[in-house]
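Single-letter residue listing:
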Amino acid sequence: MIGEQFGEEMSLICGLVCNVRNKGSKISVWTGDWSAEESNFKIGQVLKHKLMTADTPKNCPSPLFDALKYEDHDSCQKKSGSTVKARLTIRPDSEVLEKN
């Protein structure tokens, strides 16, 4: 977020939080419009690029993430288990966007 790395999509970003956990850490980027799929995908692509090119200590896994998932707020609030079906998914080993 620092340095306005997200270009035109920066105005769509409302917040960011990072939760560090033993099972796996989570970075959440909050956007103002879940239906703006193209902009949300661009934000995910920038985040993917930053994570894929980051200098990491030798003891860190590579890549730094399994998947970047875009989940809308309403679905997260209504979930009955620990997971939510993501609207968009970006994987480290693919340039293909998965729309769910």
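Here the structure is a predicted model, which means the values were calculated and not measured. (Residues numbered from 1 in each chain as written. Predicted model: local features only at pLDDT ≥ 70, side-chain atom pairs only at ≥ 80, totals over all residues. Heavy atoms only, no water.)

Novice: Go over the overall build of the protein with me, naming the residues and quoting the values.
Specialist: Check the secondary structure of the protein and you find two helices and five strands. Ordered by position from N to C terminus, the α and β elements of the protein give β-β-α-β-α-β-β. Sorting the 100 residues of the protein into buried and exposed places 26% on the buried side. At a minimum sequence separation of 6, the contacts of the protein that also span at least 24 residues come to 36%. When the accessible surface of the protein is totalled, it reaches about 7500 Å², and 49% of it is carbon and sulfur. (Helix = DSSP H or I, 4+ residues; strand = E, 2+ residues; numbered from the N terminus. Buried < 20%, exposed > 50% of the residue type's maximum accessible area, 1.4 Å probe, protein only. Contact = heavy atoms within 4.5 Å. Areas by Shrake-Rupley, 256 points an atom, 1.4 Å probe, with all protein chains shown as cover.)

Novice: Hey, could you go over the pairing of strand S2 (residues 26–31) for me, with residue numbers and the actual values?
Specialist: With six bridges joining them, strand S1 (residues 13–19) and S2 adopt antiparallel strand pairing. Considered in S2, the bridge of Val17 is made with Ser28. What sits between S1 and S2 in their antiparallel hairpin is a turn of six residues, with Gly24 showing a positive phi close to 155°. (Pairing = 2+ DSSP bridges.)

Novice: Any chance you could break down the side chain of Lys48 for me, citing the residues and the numbers?
Specialist: Along the chain, the position of Lys48 falls in helix H1 (residues 37–52). Within the local environment of Lys48, its side chain forms a polar contact with the backbone oxygen of Arg91, the two atoms lying 3.1 Å apart. (Polar contact = N/O pair within 3.5 Å; in protein donor to acceptor, adjacent residues only side chain to side chain.)

Novice: Tell me what's going on with the confidence of the model for the protein, and back it up with residues and numbers.
Specialist: Per-residue confidence for the protein gives a mean pLDDT of 80; residues scoring 70 or more make up 83%. Within the protein, the element-level pLDDT minimum falls on strand S5 (residues 97–99), averaging 66, and the maximum on H1, averaging 87. (pLDDT = per-residue confidence, 0-100.)

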